[in-house]
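Listed below, chain by chain, are the residues.
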Amino acid sequence: MASILDEYEDSLYRSASVQQSRASVGIPHSGYVNARLEKETPIFNKQRIDFAPPEKINSLVVSSNQLCMSLGKDTLLRIDLGKPDEPNQVELGRKDEAKVYKMFLDHTGSHLLIALNTGECLYLNRSVQKVRALSRWKGHLIESVGWNKFLGSETNTGPILVGTAQGQIYEAEISVSEGSLFSTNPDQYFRQVYTLEEESGPAPVCCLEIERGVEGKFFIIATTRKRLFQFVGKVPEGTEQQGFSSIFAMHADHLPSFREFPANFGFSEIAFYTPKLRSNPRSFAWMMGNGVLYGTLDYSRPDSILSDERVWVYPSDIDITVNKPISIVLTQFHFLLLLPDRVKAVCTLNGQVVFQDLFLEKFGLLTRMIKDPTVQQIWIHTEKVVFRYHVQRESRDVWKMYMNMNKFDLAKEYCKDRPECLDIVLAKEAEHCFQNKRYLDSAKCYALTQNYFEEIALKFIEAKQEEALMEFLIKKLSNLKPSEKTQTTLLTTWLTELYLNWLGILEGDPSQRNLYLDIREKFRTFLSSPKNKDCLFNNRASIYELLASHGDTEHMVYFAVIMQDYERVVAHHCQHDEYDEALNVLSRHRDEKLFYKFSPVLIQHIPKKVVDAWISMGSRLDARNLIPALVNYSQSASTQQINEAIRYMEFCVYQLEETQQAIHNYLLSLYALCRPDSLLSYLEQAGTNPNRIHYDLKYALRLCAEHGHHHACVHIYKVMELYEEAVDLALQVDVDLAKSCADLPEDDEELRKKLWLKIARHVVQEEKDVKKAMACLSSCALLKIEDVLPFFPDFVTIDHFKEAICNSLEDYNKHIEELKREMEEATQSAKRIREDIQEMRNKYGSVEPQEKCAACDFPLLNRPFYLFLCGHMFHYDCLLQAVFPNLPAYKQAKLEDLQKKLAATSQPSKSHHRPKDADTISLGKGQQSREQIKADIDDIVAAECVYCGELMIRSIDKPFIDPQKYEEEMQSWL
């Protein structure tokens, strides 16, 4: 193991030296560069608003990018932050000394409530310019408003809750519309629903919040100076518009649940953090006398939504008697406290001050701090200056705090995009788990870090935690890149060694049987892992050596199967006489080469099963490569075992239809040796056509002759067309067999006669059977009695073949009579032909003077013409023009030659009186007469009617227009 570790250290030397060089220049040990090119932007980035108010700022509220500011005594400034250059100024229209006490803006930025110190309340809608007094609210100093975020709209607030300085909680609703804006009061109703009290009696309602949970359950949070009340109840579905009176009525006889703290500084304020627009708040922070009560909101709880509460005391530099906090806002991980001259940000995870911003005295005392929940911006103002804070990447350092709190899952969640921070968290978690003896968890974390491999490995070795070391190596192996082949090889080899050691220890302990099976399964999973497959395959020789050194043949076979090294598996089974197992491996993986290699061994022990396996492989096996195994086997095996070889050869020949000559020759040899009855049927089934026979004829003949199979030899002679040899051999076996051979040369009568003479001679001279010899004459028509007589001995009397001689004479007479009959029939046929010719010469047809040519439609008698039996008549030249293109080329040439000859014999004579036999003057010179030439032309041109004969039928598929003249014809029509 130590040597493997040394090799791995050597392979990592170069990367480790790089890390050391980084560490020498201040790079963290994890190997990640943590340099920052520029100063990081703070989480809370302050911006002073470029605004100089004409009067002092009394109050400021903001929501949904709508900012409302009270200036001086009678001015209200409204600004849409999306259009900051278009402020809207509204006059309150007050003539008395009343001052703005507080302002409240709903979550949509549409409804603004202005509480005056005289106990009056004004209302202004975003869509109008006129402030309206709420008459029903008169006489109450408003301290807080709980807006309805579920039923409110831009023109209607829905049921809302209003808290007063006297401790009463009222339910109200404000609605405006263009049709009734100046005719009715906007406040629909204003009724008291509850009174909050402390020990001394009613206390001001500092804050109100309405939230809705699941299944129609509502949660109402109300705070006084030192108490936090919760009202929980369901509002029936469809009655939400009726308000929250039913919830408060449930607590008419008893106090609701509340949290109380002893100290107070005259008021309190609660802030909420809402992660997304239109979602429920996730956490809260209540600023009161003893500190800040912070917790999360769990809407699934039945009676209280406050969860995971804890009190963060104020920083030591805050004295509530001198500079008590003024306001509080809550972000995801911080709450900000507003003091008269500064802002402090405290982390909600550990209570530490992470940010402090001191304001100059020239700006005046800080008055109020509020947050716009929709855009997560924080606003602060004095009487003459407005500031805005942007919250940027608030969670950047949260991972450190979670890590220091040992909340490693949360820490990893907040630094998953920062690998250098994630590495630090993983290293801290690994060390924490190691110290708490959670070695497996420690190994998993260490494997994901960039810490030095050798340090971690030695750490587990020193602690004697081999299981954790293996887990570390497995995880490290899974994180290696494909290019890191050396490290992959070393880790794989080391893990194999560790697994084998562990299995060797557990195998001899029966009490650890279950653990042994579990580790064995893990080891097999490791060996069969697709990710390790290439590495194991490339280094399989080393793995085999390790398995062999531990004597673990079971896993050697398992590993060989995974590596598809079936040759080793089969060889292992054969060495241990496990022939059935070896054959099962071959049959399962169907590797042809392995069948060829191991069949000689397997067929010696399990021949039937081996042949069954061969047959199941079908055409995938080349039977020629299996013949050596069968030959060795058949030479030493019994007849019953040879039958298995025959069974496979028959499968190849009859089922696979093999045509290889070696296969057919071997099957022939097996038949000749053990199954002579099947030999002849095989030869006959193979046929007699030498071109379609797949065995070697000469080899088969020699083989059959050696084993004395004469019938088979005769058949082979017949196939080879050696009929004389076939008859000679057949006569030694059976005369009838010889007769069947003698009739085979059907086209060679001389040979047939010769073969039959051999048979006759054998019958007469060898068998001395005259009757059988006479039977040969009746079997072959080529033999005559005179051909057979020389074979008989001299002492044979004519009585033995008198009948044959008489039959022969009768045959001669019959033949003579038939020749006479044929001569008479020929004479009669010639006579009829002469009569038909004479009749044809006397046949005629009549032509009327008005008849016209069927082709040109001109009078017929103007030029030489032809008259056909069908009635069609053509001029000579018209018929020639119609027939010539359709004649074959050789007839066209002949016709042209005849026309030239006819023209040559048509030269005009100087004498007006032509001799009677002028047309035959050249007969003596060997030339044709004029009449003969014209007859030959008529035979070609007028052989049949051009309209009624075969010429018309053959022209049915020809186009009307010659393709070569198509373009010319088309142009003529344009």
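Residues numbered from 1 in each chain as written. Predicted model: local features only at pLDDT ≥ 70, side-chain atom pairs only at ≥ 80, totals over all residues. Heavy atoms only, no water.

You'll find the protein entered in an unreviewed UniProt entry as Vacuolar protein sorting-associated protein 18 homolog, with Aquila chrysaetos chrysaetos given as the organism. Note on the protein: under the UniProt heading Sequence similarities (unreviewed entry), the record states "Belongs to the VPS18 family." (UniProt positions renumbered as here; feature names shortened; annotations may be inferred.)

(A) Highlighting the pattern of salt bridges. Overall, the coordinates contain 32 salt bridges when judged by the stated rule. Salt-bridge contacts for Glu199 lead to Lys226; the nearest nitrogen and oxygen are separated by 3.3 Å. Here Lys226 lies in the loop between strand E17 (217-223) and strand E18 (227-234) and Glu199 lies in the loop between strand E14 (197-198) and strand E15 (201-202), a separation of 27 residues in the sequence. For Glu199, a relative accessible area of 53% corresponds to the exposed category. Two residues, Glu431 and Lys459, come together in a salt bridge whose shortest N-O distance is 2.5 Å. Residue Glu431 is located in helix H6 (residues 419-435), and its partner Lys459 is located in helix H8 (residues 453-462); the two are separated by 28 residues in the primary sequence. Owing to a relative accessible area of 27%, Glu431 belongs among the partly exposed residues under this scheme. (Salt bridge = Lys/Arg side-chain N within 4 Å of Asp/Glu carboxyl O. Helix = DSSP H or I, 4+ residues; strand = E, 2+ residues; numbered from the N terminus. Buried < 20%, exposed > 50% of the residue type's maximum accessible area, 1.4 Å probe, protein only.)

(B) Structural view of a negative patch on the surface. There is a patch of like negative charges on the surface, built from Glu818, Glu822, Glu824 and Glu825. Positionally, Glu818 belongs in helix H30 (residues 802-841). Classification of Glu818 as partly exposed rests on a relative accessible area of 36%. (Patch = residues over 30% accessible without salt bridge, like charges linked within 9 Å, V, L, I, M, F, W, Y side chains within 5 Å. Areas by Shrake-Rupley, 256 points an atom, 1.4 Å probe, with all protein chains shown as cover. Lys, Arg positive; Asp, Glu negative; His and termini not counted. Charge placed at Lys NZ, Arg CZ, Asp CG, Glu CD.)

(C) Broad picture of the packing of helix H7 (residues 439-446) against helix H9 (residues 466-479). Two numbers describe how H7 lies on H9: the axes approach to 8 Å, and their chain directions differ by 25°. When the interaxial angle is binned, H7 and H9 end up roughly parallel. You can see that H7 and H9 cross each other, and the crossing is right-handed. Contacts from Tyr439, Leu440, Ala443, Lys444 and Tyr446 in H7 reach Glu467, Ala468, Glu471, Phe472, Lys475 and Lys476 in H9. (Axes fitted to C-alpha atoms, helices over the stretch in contact; angles between N-to-C directions. Parallel < 35°, antiparallel > 145°, perpendicular 65-115°, else oblique. Left-handed = near helix turned anticlockwise from the far one by under 90°. Contact = heavy atoms within 4.5 Å.)

(D) How the structure looks around the packing of aromatic side chains. As enumerated under the stated definition, the model contains 30 aromatic pairs in all. Between the aromatic rings of Tyr170 and Phe190, the centroid separation amounts to 4.4 Å while the plane-to-plane angle is 10°, which identifies the pairing as stacked. You can see Tyr170 sitting in strand E12 (residues 168-174) and its partner Phe190 sitting in strand E13 (residues 187-195), a full 20 residues away along the chain. Tyr170 gets classed as buried once you look at its relative accessible area, which sits at 8%. For Phe190, a relative accessible area of 14% gives the class buried. (Phe/Tyr/Trp six-rings, centres within 6.5 Å; stacked < 30°, edge-to-face > 60°.)

(E) Seen up close, the sheet that holds strand E25 (residues 334-338). As summarised here, the arrangement of the 4 strands in space is E24-E25-E26-E27, forming an open sheet in which the pairing is antiparallel. The strands lining the two open edges of the sheet, one partner per strand, are strand E24 (327-330) and strand E27 (353-358). Sheet twist, expressed as the mean angle between neighbouring strand axes with direction ignored, is 15°. Alignment of E25 against strand E26 (residues 342-347), held across 5 bridges, turns out to be antiparallel. Paired with Leu338 across the two strands is Val343, which belongs to E26. (Pairing = 2+ DSSP bridges.)

(F) Summary view of the pairing of strand E22 (residues 291-297). Burial within E22 is extensive, with 6 of its 7 residues counted as buried. Pairing of strand E21 (residues 283-288) with E22 involves 6 bridges; the strand directions are antiparallel. Within the sheet, the bridge partner assigned to Ala285 lies in E22 and is Tyr294. Where E21 folds back on E22, the antiparallel hairpin that results is connected by 2 residues. As defined by bridge partners, E22 adjoins strand E23 (residues 306-312) across 5 bridges and the pair is classed as antiparallel.

(G) Structural context of the sheet that holds strand E16 (residues 207-212). Strand order in this open sheet of 4 strands is E16-E17-E18-E19, and the pairing throughout is antiparallel. The outermost strands of the open sheet, each flanked by one partner alone, are E16 and strand E19 (257-260). Across the sheet, the axes of successive neighbouring strands diverge by a mean angle of 15°, strand direction being ignored.

(H) View of a nonpolar patch on the surface. On the surface, a cluster of nonpolar side chains totalling about 470 Å² of accessible area is made up of Phe960, Ile961, Tyr966 and Met970. Position of Met970 among the secondary structure elements: in helix H35 (residues 966-973). For Met970, a relative accessible area of 33% gives the class partly exposed.

(I) Inspection of helix H24 (residues 710-719) at higher detail. The buried count for H24 comes to 7 of 10 residues, which makes it a mostly enclosed element. What H24 keeps buried is the set Ala712, Cys713, Val714, His715, Ile716, Tyr717 and Val719. One or two residues past the end of H24 sits Glu721, with phi positive at roughly 60°.

(J) Just the nonpolar core, in detail. Core analysis: the biggest nonpolar cluster contains 111 residues, and Phe460, Phe472, Leu473, Leu602, Trp614, Tyr648 and Met649 have the highest contact counts within it. Considering every element that reaches this core, the biggest residue donor is helix H10 (residues 485-507), with 9 residues. If sequence neighbours within four positions are ignored, Met649 has contacts with Ala623, Leu630, Ile663, Tyr666, Leu667 and Leu670. One finds Leu880, Val883, Leu887 and Val946 within the second-largest nonpolar core, a separate group that totals 21 residues. (Core = buried A, V, L, I, M, F, W, Y, C linked by side-chain atoms within 4.5 Å.)

(K) Summary view of unusual backbone geometry. Here Arg393, not a glycine, exhibits a phi torsion of approximately 45°, which is positive. Tracing the backbone shows Arg393 in the loop between strand E30 (386-391) and helix H4 (398-404). Residue classification places Arg393 among the partly exposed residues on the basis of a relative accessible area of 48%. Its identity is not glycine, yet Asn406 carries a phi of approximately 65°, on the positive side. With respect to the helices and strands, Asn406 occurs in the loop between H4 and helix H5 (408-413).

(L) The arrangement of helix H15 (residues 566-575) in detail. All buried positions along H15 are accounted for by Tyr566, Val569, Val570, His572, His573 and Cys574. On its buried face, H15 sits against helix H14 (553-562), helix H16 (579-589) and helix H17 (592-602).

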